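# An overview of the molecular structure
Below, each chain spelled out in residue letters.
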Amino acid sequence: MQRLDIDQPRVPRLHHGLDRVLFMQGVYQLQDRRSKVYNFDPYLQKIMPVTEFDYDALTAYKTSSQDNFLSEFAKKHGKKYVGSTSSMTSTLTHFHYLLSSWRKINTDMFSRDFPDTLQSFTALNRTPTSIFLRRKDDTYAVDADKEYDGANVLMLLGRSMEKLLTMPTSTFERYRKDKSSGVSEVERNQPEAYHYSSLGDFLLRSQLDAQDDRLPGTGMFDLKTRAVLPIRMQSQDHEPMTGYEITQAQGQYESFEREYYDMMRSTALKYSLQARMGHMDGIFVAYHNVKRIFGFQYISLNELDRALHGTPDLTLGNREFNLSISLLNEIFNKATEKFPDQSVRFTFETKAAETLPSMYIFAEPMSEEDIETIQNSQKEKIAEWERNLRDPASKLNEEQISELAEEDGDDTAKKFSDSESGSSQALAEGDVSETRPGTSEAQSETTAQNSQAEKDSIVKEIEAISQSESEPQTEPGSQKEEEKPLLGMVLTVRSKVNGVYVERPENLKKNHDWTIEYSLTDLKSGQAWREYRAAQARRRKTYQKLNSRLDKSDPDSAELSYNDHYINMLKDLSEKGRKMRATLDQKAANKPKIVVGMPYDKSSKSQMPNTDDVSIESVDDYLTWLYKEKA
């Protein structure tokens, strides 16, 4: 992979002394729980609520297909496909499963008494994934499939907390709603900094969050805001969970170790792929519960590879990334040759097998109108949900709507009421987003982790869905579907290291020769459609199982199998943490906040007696001095 140099805006740096975290392994607590001394500015501890931050003052995000510069830049360098970290990583994870033959994560770094021992990736990460390859003049742009997209508080907090970590307090405060008029139009429309790289026919774009020249290589790193376990479980109804606190380094709950373990089984693989695409050194993580930040951790790419590839040597991860892009390049070439000058919807699913793991790939040509319909299907619901979250005062409740309708008999109120209830139903159906930490991923993590203790029966259902080979029942119109064009392919690979066949490469070094033999075969039309529908059904059911807040009165509701006991246990931990925090805040109310590295003058009342000018050589000398001090 080659870096493409281009002038970019200045990449932000960490503020508040957080750069210290970059040069120490492990977690840096924001406040030491024993001494109550702060390691960083106490301002960081309390997160600005989403209701107070002006998100309209931030630059809007552009997908790959919306970025005209990206397309022009690709043509200039003779590249055919363009993509971004958010649109590419979900697909590349399935290539990891394929090339590593479902390598388990490495748990050697966890404490001996840590009870959760699952080493598999979460159910949501293993479920089929879809992307769009959209035709743009002479290039194709990769966009994430938003069919099951959704909104939650973590998506908004991720944007505002990035500003919090990379701005002085006074600058960040200007983004508070009652002060945001001071943010100029130039600042609001300031372009983001991106890194561009090329590999094969691909031009890849990676947003640059932060930089420190003292780090190896480019000094770039990603900023990640990681919500605690209960928040991830219910990020669309997070308020009852915001009391949960991290109180210890190790342990099954309320610990940094638990959050790290969950991350390794879920988002760490995507983080490592994003870091490679952007030539980054690692990721900076802020652990929080939506209301408070507990600590920070810098995880280098070497540490991520140790967990994901079993070795801190970057050779294996780098070569696997290159092979993944090369295979994807060939798949795209094959589909675009079959469906020239058309946009294509791709679905990828890697399946385990007794002999060799195989990846099923489906390419369905689609018109731009059909793609827009899918991409915008959740847009209004997400926008409405975010408006209600950001400005609760603007949301009329049903009683107010009813009163308005009775007062003036206006149909407008009724229409508003219908729209409101429709949005609520949409949220109840479990919309999710794969581009940011959110409900779906957290629920998959937690339910999967507790299956071994039989705490959550839903995991078995999800596993059955993800591994099922059965065909779904024939739906109306499916016969017509089979008349539509569809390219179905099966990709299998075998690895050779230094000329010897191996199940997967292990502890690869630079002097080792890793090659693959692969087969990319086409499926017959009827079989392709059956497998495609089955993959779509597994994807849909997994999202529904993991994300739905369904009606318990419905006998077919997935929530009936959901572990209420486990959720209630997390709520109890949250309530316990809320009471503990209230007590701690009350005790600290009239005490000075002590920060490491800041000047601190202890009050004279609490000072020890001064013995600097006293000569004490015997017990009599000591008693004489002591009683004199008391007098």
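These numbers were taken from a predicted model, which means no experiment stands behind them.

Definitions and cut-offs
- Residues numbered from 1 in each chain as written.
- Predicted model: local features only at pLDDT ≥ 70, side-chain atom pairs only at ≥ 80, totals over all residues.
- Heavy atoms only, no water.
- Helix = DSSP H or I, 4+ residues; strand = E, 2+ residues; numbered from the N terminus.
- Buried < 20%, exposed > 50% of the residue type's maximum accessible area, 1.4 Å probe, protein only.
- Contact = heavy atoms within 4.5 Å.
- Areas by Shrake-Rupley, 256 points an atom, 1.4 Å probe, with all protein chains shown as cover.
- 1 Å grid on protein atoms, 1.4 Å probe; cavity = no way out; pocket = protein on both sides within 12 Å on 5 of 7 lines; lining within 4 Å.
- Points joined across faces, edges and corners; volume = space filled by probe spheres on them.
- Nonpolar A, V, L, I, M, F, W, Y, C, P; charged D, E, K, R; others polar.
- Phe/Tyr/Trp six-rings, centres within 6.5 Å; stacked < 30°, edge-to-face > 60°.
- Pairing = 2+ DSSP bridges.
- Core = buried A, V, L, I, M, F, W, Y, C linked by side-chain atoms within 4.5 Å.
- pLDDT = per-residue confidence, 0-100.
- Axes fitted to C-alpha atoms, helices over the stretch in contact; angles between N-to-C directions.
- Patch = residues over 30% accessible without salt bridge, like charges linked within 9 Å, V, L, I, M, F, W, Y side chains within 5 Å.
- Salt bridge = Lys/Arg side-chain N within 4 Å of Asp/Glu carboxyl O.
- Expected span 1.5 Å × (residues − 1).
- Left-handed = near helix turned anticlockwise from the far one by under 90°.
- Parallel < 35°, antiparallel > 145°, perpendicular 65-115°, else oblique.

### Let's talk about the overall build of the chain
- Looking only at helices and strands, the chain has 21 helices and 16 strands in total.
- Residue burial in the chain is summarised as follows: out of 631 residues, 52% are buried.
- Residue pairs at least 24 apart in sequence account for 77% of intrachain contacts in the chain once pairs closer than 6 positions are excluded.
- Element-wise, carbon and sulfur atoms account for 47% of the exposed surface of the chain, whose accessible area totals about 29900 Å².

### Comments concerning the layout of surface pockets
- The space that makes up the second largest pocket amounts to roughly 650 Å³.
- Around the second largest pocket, the lining comprises 28 residues; the ones closest to its centre are Q31, K36, Y38, L584 and A588.
- At the level of secondary structure, the elements contributing two or more residues to the lining of the second largest pocket comprise strand 11 (293-300) and helix 20 (564-588).
- Of all the elements, helix 20 adds the most residues to the lining of the second largest pocket, at five residues.
- Tallied by class, the residues present in the lining of the second largest pocket amount to 15 nonpolar, four polar and nine charged.

### Thoughts on empty space enclosed by the protein
- Taken as a whole and judged by the stated rule, the model has two cavities of 30 Å³ or more.
- Its volume calculated, the second largest cavity comes out at about 70 Å³.
- Around the second largest cavity, the lining residues are L92, H96, L269, S272, L273, R276, H309, G317, E320, F321 and S324.
- Mapped by element, the contributors of at least two residues to the lining of the second largest cavity are helix 2 (85-99), helix 9 (268-277) and helix 11 (314-338).
- Counted by class, the lining of the second largest cavity contains four nonpolar, five polar and two charged residues.

### Remarks on the packing of aromatic side chains
- Taken as a whole, this structure holds 29 aromatic pairs when the rule is applied.
- Ring centres of Y81 and F202 lie 5.4 Å apart, and the angle between their planes is 40°; this geometry places the pair in the tilted category. Separated by 121 residues along the polypeptide, Y81 in strand 3 (residues 81-84) and F202 in strand 7 (residues 202-207) bring together distant segments of the chain. Pair check on accessibility: Y81 and F202 agree, each one buried.
- With a centroid separation of 5.2 Å and 65° between ring planes, the pair formed by Y81 and F332 is classed as edge-to-face.

### Here's the deal with the pairing of strand 3
- Where burial is concerned, the two faces of strand 3 agree: the one with Y81 and G83 and the one with V82 and S84 are both buried.
- Taken together, the two bridges between strand 3 and strand 5 (residues 139-144) define a ladder with parallel strand orientation. Looking at strand 5, one finds that V82 is bridged to A141.
- As paired elements, strand 3 and strand 7 share four bridges and run parallel to each other. Note on strand 7: the bridge partner recorded for Y81 is F202.

### Thoughts on unusual backbone geometry
- The residue H16 is not glycine, and still its phi comes out positive at about 65°.
- As for its position among the elements, H16 is in the loop between strand 1 (2-4) and strand 2 (27-29).
- You will see that V290, though not glycine, has its phi angle at about 85°, which is positive.
- Relative to the helices and strands, V290 is located in the loop between strand 10 (282-288) and strand 11.

### What about the nonpolar core?
- Judged by nonpolar contacts, the single largest core of 122 residues is most densely connected at F284, F296, F332, F346, F348 and L491.
- Looking at this core element by element, the count peaks at eight residues for helix 11.
- Sequence-distant contacts of F332, that is, excluding residues within four places in its chain, are made with Y81, I131, L133, V142, F202, F346 and F348.

### Some points on the confidence of the model for the chain
- Summary statistics for the chain give a mean pLDDT of 83 and a share of 80% for residues scoring 70 or more.
- A low-confidence stretch, residues 468-477 stays under pLDDT 50, and its non-local contacts, those more than four residues away or across chains, total 10 contacts.
- In the predicted structure, residues 550-562 sits below a pLDDT of 50 and forms 23 contacts with residues beyond four places in sequence or in another chain.

### Description of the sheet that holds strand 11
- Taken together, five strands build an open sheet; the order of strands is 2-11-10-9-8 and the sheet is mixed. Unpaired on one side and paired on the other, strand 2 and strand 8 (210-211) mark the two borders of the sheet.
- Note: strand 10 against strand 11, seven bridges, orientation antiparallel. Across the sheet, the residue bridging to G282 is S300, located in strand 11.
- Across the sheet, helix 10 (residues 301-308) touches strand 10 and strand 11, and the angle it forms with strand 11 is around 85°.

### Some thoughts on a nonpolar patch on the surface
- A grouping of I616, V619, Y622, L623 and Y627 is seen on the molecular surface, where their side chains present a nonpolar patch of about 490 Å² in accessible area.
- Y622 sits in the partly exposed class, given a relative accessible area of 37%.

### Brief notes about helix 13 (residues 379-390)
- Over its 12 residues, helix 13 extends 16 Å from the first C-alpha to the last, a length consistent with the 16 Å expected when each residue adds 1.5 Å.
- Where helix 13 is concerned, the buried positions are I382, E384, W385, E386, N388, L389 and R390.

### A word on the packing of helix 2 against helix 9
- Running from amino to carboxyl end, helix 2 crosses helix 9 at an angle of 115°, the nearest separation of the two axes being 9 Å. You can see that helix 2 and helix 9 cross each other, and the crossing is right-handed. When helix 2 is examined against helix 9, the residues T85, M88, T89, S90, L92, T93, H96 and Y97 are found in contact with a partner set consisting of L269, K270, L273, Q274 and M277.

### Brief notes about the packing of helix 2 against helix 11
- Between helix 2 and helix 11, whose axes approach to 10 Å, the crossing angle comes to 110°. Put simply, helix 2 runs roughly perpendicular to helix 11. Where helix 2 approaches helix 11, its residues M88, T91, L92, F95, H96 and L99 are matched on the opposing element by E320, F321, L323, S324, I325, L327, L328 and I331.
- For the contact of helix 2 with helix 11, the per-class residue count stands at 10 nonpolar, three polar and one charged.

### Describing helix 20
- With 25 residues, helix 20 ought to run about 36 Å at 1.5 Å a step, and its terminal C-alpha atoms sit 36 Å apart, in line with that.
- Inspection of helix 20 places Y566, I567, L570, L573, S574, G577 and R581 among the buried residues, and these make up the whole buried set.

### Quick look at the pattern of salt bridges
- Following the criterion strictly, the structure yields 41 salt bridges and no others.
- Its salt-bridge partner being D212, residue R13 comes within 3.5 Å of it at the nearest N-O pair. Residue R13 is found in the loop between strand 1 and strand 2, and its partner D212 is found in the loop between strand 8 and strand 9 (220-227); the two are separated by 199 residues along the sequence.
- The exposure class assigned to D212 is buried, which follows from its relative accessible area of 3%.
- E503 serves as the salt-bridge partner of R504, at 3.4 Å between the closest nitrogen and oxygen.
- Via salt bridges that share partners, R33, E245, R292, R581 and D585 belong to a single interconnected network.

### Section: the environment of V596
- Tracing the backbone through its elements, the reader meets V596 in the loop between helix 20 and helix 21 (619-630).
- As a C-alpha pair, V596 and Q31 span 565 residues in sequence and 9.8 Å in three-dimensional space.

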